[in-house]
Amino acid sequence: DAKTTQPPSMDCAEGRAANLPCNHSTISGNEYVYWYRQIHSQGPQYIIHGLKNNETNEMASLIITEDRKSSTLILPHATLRDTAVYYCIVRNRPWGAGNMLTFGGGTRLMVKP
Amino acid sequence: DAGVTQSPTHLIKTRGQQVTLRCSPKSGHDTVSWYQQALGQGPQFIFQYYEEEERQRGNFPDRFSGHQFPNYSSELNVNALLLGDSALYLCASSSRDRGYTFGSGTRLTVV
């Protein structure tokens, strides 16, 4: 699985959009980009994933560049409850059994009032 | 619908002892993976169980072993505990067409 690079920490004002970048310059054509977050003292929580098209769900939007070497997770209206560590993961299976998730250090997002 | 359940939530053990952690997967999931998360770091993959067999293993010593039961629940066993084994142990369940769901973890402290 391709390696990812994320900034170690970011701040965001409550109510504003939080844009979390991820670099995955060695991604291959069949690899998906996943985002998880981990709120303090809880297990990681799935947010969104995509292959090459932009994706949106009730939690967030995922923007993947045309060359697929980087992506951005967007939380459109951040709240204090979005304070967490966000992990960007690249893997070659869309779901389920098989390969493990390889976590890096993630980005610690602090949403401030 | 219950998610992934792990027990116990917290545990204190003495160096050299053995510990068993338990995980019940989410309904409909048949695969269980275990991760170790040291303080301030991302989770590290230990191993994965499917059809009661270890299917994949990360870079962990043989002191770490596991088991999956016919009802898909799983146990993680760690022998000869070291101080460095202190961590949050996470269980994640999944299936072919359903993504990973993580439990809240077991916090193990080795003293």
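Scroll up to find the structure.
Attention in this report is confined to the structure presented alongside it. (Residues numbered from 1 in each chain as written. Chains lettered and ligands numbered in written order. Predicted model: local features only at pLDDT ≥ 70, side-chain atom pairs only at ≥ 80, totals over all residues. Heavy atoms only, no water.)

## What about the sheet that holds strand E6 (residues 61-64) of chain A?
Residues and elements named next belong to chain A.
Then, number 1: Read across the open sheet, the four strands follow the order E2-E7-E6-E5; overall the sheet is antiparallel. The two strands at the open ends of the sheet, each matched to only one other strand, are strand E2 (18-23) and strand E5 (55-56).
Then, number 2: Taken together, the four bridges between E6 and strand E7 (residues 70-75) define a ladder with antiparallel strand orientation. Within the sheet, the bridge partner assigned to Ser61 lies in E7 and is Ile74. (Pairing = 2+ DSSP bridges. Helix = DSSP H or I, 4+ residues; strand = E, 2+ residues; numbered from the N terminus.)

## Focus on the side chain of Thr107 of chain A
Residues and elements named next belong to chain A.
Then, number 1: Mapped onto the secondary structure, Thr107 falls in strand E9 (residues 107-112).
Then, number 2: For Thr107, a relative accessible area of 0% translates into the label buried.
Then, number 3: Leave out the neighbours within four places in its chain, and Thr107 touches Gln6, Pro7, Pro8, Ser9, Met10, Leu20, Ala84, Val85 and Tyr86. (Buried < 20%, exposed > 50% of the residue type's maximum accessible area, 1.4 Å probe, protein only. Contact = heavy atoms within 4.5 Å.)

## A word on the environment of Glu75 of chain B
Residue and element names in this part refer to chain B.
Then, number 1: Among the structural elements, Glu75 can be located in strand E8 (residues 74-78).
Then, number 2: When residues no more than four places from it in sequence are discounted, the contact partners of Glu75 are Thr20, Leu21, Arg22, Trp34, Ser65, Gly66, His67 and Phe69.
Then, number 3: One polar contact links Glu75 to Arg22, side chain to side chain, over a distance of 3.4 Å. (Polar contact = N/O pair within 3.5 Å; in protein donor to acceptor, adjacent residues only side chain to side chain.)

## Describing the environment of Arg16 of chain A
Residue and element names in this part refer to chain A.
Then, number 1: Topologically, Arg16 is positioned in the loop between strand E1 (9-13) and E2.
Then, number 2: With relative accessibility at 57%, the residue Arg16 sits in the exposed group.
Then, number 3: When the C-alpha positions of Arg16 and His77 are compared, they lie 5.1 Å apart, and in sequence the two are 61 residues distant.

## As for the pattern of salt bridges
Residues and elements named next belong to chain B.
Then, number 1: Enumeration over the complete set of coordinates arrives at six salt bridges over all chains.
Then, number 2: For the salt bridge of Arg55 with Glu51, the shortest nitrogen-to-oxygen distance reads 3.0 Å.
Then, number 3: A salt bridge links Glu54 to Arg57; its shortest N-O distance comes to 3.1 Å.
Then, number 4: Residue classification places Glu54 among the partly exposed positions, given a relative accessible area of 36%. (Salt bridge = Lys/Arg side-chain N within 4 Å of Asp/Glu carboxyl O.)

## Some details on the nonpolar core
Then, number 1: Judged by nonpolar contacts, the single largest core of 21 residues is most densely connected at Trp35, Leu73, Tyr86 and Leu109 of chain A.
Then, number 2: For this core, the elements supplying multiple residues, two or more each, are E2, strand E3 (32-38), strand E4 (45-50), E6, E7, strand E8 (84-91) and E9 of chain A.
Then, number 3: Ranked by residues supplied to this core, first place goes to E8 of chain A with four residues.
Then, number 4: Leaving out residues up to four positions away in the same chain, Leu109 of chain A has contacts with Met10, Asp11, Cys12, Ala18, Leu20, Leu75, Asp82, Thr83, Ala84 and Tyr86 of chain A.
Then, number 5: Counting 19 residues, the second largest nonpolar core, distinct from the first, contains Val19, Phe47, Tyr49 and Cys91 of chain B. (Core = buried A, V, L, I, M, F, W, Y, C linked by side-chain atoms within 4.5 Å.)

## Quick word on the interface of chain A and chain B
Then, number 1: In this complex, chain A contributes 17 residues to the contact, which on the side of chain B involves 22 residues.
Then, number 2: Counting each side, the surface lost to burial between chain A and chain B is near 1,500 Å², with a carbon and sulfur contribution of 55%.
Then, number 3: Along the contact surface separating chain A from chain B lie zero salt bridges.
Then, number 4: For the pair chain A and chain B, the interface holds four residue pairs in polar contact (both at pLDDT 80 or more).
Then, number 5: Among the secondary structure elements, those contributing two or more residues to the side of chain A that touches chain B are E3 and E8 of chain A.
Then, number 6: For the side of chain A that touches chain B, the per-class residue count stands at eight nonpolar, eight polar and one charged. (Buried area = accessible area lost by both parts, 1.4 Å probe. Nonpolar A, V, L, I, M, F, W, Y, C, P; charged D, E, K, R; others polar.)

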